[in-house]
Amino acid sequence: MEGRIVTNQTAEQLQNVFFDSDTFFNFVQDINDSYFLFLSEQDAIDISTTEYAYLLEIPLSPYIPKTLD
């Protein structure tokens, strides 16, 4: 699985912010506590013309989930 790594500040600022009428940002931490953003193809299309389009410029990176101990 791949997603876009964002800064802690970006994750905190955009967590649960709606980018259209029924879709919001939800960031997930990986095994290294880095915040990841996952977007569907439709989500990427939807934000491409918004103030959040800059997020699409972040390259995709491999995501390794936290393990449950």
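Here, the structure is the one placed above.
Summary of the structure given here. The written sequence of each chain sets the order in which its residues are numbered from 1. Restriction of local features to residues with pLDDT of at least 70 applies here, the model being predicted, together with a cutoff of 80 or more for giving and counting side-chain atom pairs; totals for whole chains, interfaces and linings are based on all residues. Remark: hydrogens and water are excluded; side-chain values derive from all non-hydrogen atoms of the structure.

**Some thoughts on the side chain of Asp43**
The helix count covers DSSP runs of H or I at least four residues long, the strand count covers runs of E at least two residues long, and both are numbered beginning at the N terminus. Inspection of the secondary structure puts Asp43 in helix H2 (residues 41–47). Each residue is placed in one exposure class: buried if its accessible area under a 1.4 Å probe, protein chains only, is under 20% of its type's maximum, exposed if it is over 50%, and partly exposed if it falls in between. Just so you know, the count uses Lys and Arg for positive and Asp and Glu for negative, and it drops His and the chain ends. Within this document, salt bridges are pairs made up of a side-chain nitrogen of Lys or Arg and a carboxyl oxygen of Asp or Glu, the two lying within 4 Å of each other. Despite being buried, Asp43 has no salt bridge partner; Arg4 is the closest side chain of opposite charge, sitting 9.0 Å away. When checking whether two residues touch, look at their non-hydrogen atoms; a contact exists if any pair is within 4.5 Å. Not counting residues within four places of it along the chain, the set of residues in contact with Asp43 comprises Phe19 and Thr23.

**Thoughts on the nonpolar core**
Grouping buried Ala, Val, Leu, Ile, Met, Phe, Trp, Tyr and Cys residues that are joined through side-chain atoms within 4.5 Å yields what is termed a nonpolar core. Of all hydrophobic cores here, the largest spans eleven residues; its members are Val6, Ala11, Leu14, Phe19, Phe25, Phe27, Leu37, Leu39, Ile47, Tyr52 and Leu55. Not counting residues within four places of it along the chain, the set of residues in contact with Leu14 comprises Phe25, Phe27, Tyr52, Tyr54 and Leu55.

**Here's the deal with the pairing of strand E1 (residues 2–6)**
Two strands are said to pair when DSSP picks up at least two bridges between them. Pairing of E1 with strand E4 (residues 60–62), which is carried by three bridges, proceeds in the antiparallel orientation. Its bridge partner being in E4, Gly3 is matched across the sheet by Ser61. In terms of strand pairing, E1 meets strand E3 (residues 35–37) through three bridges, oriented antiparallel. When the sheet's bridge partners are listed, Arg4 is paired in E3 with Leu37.

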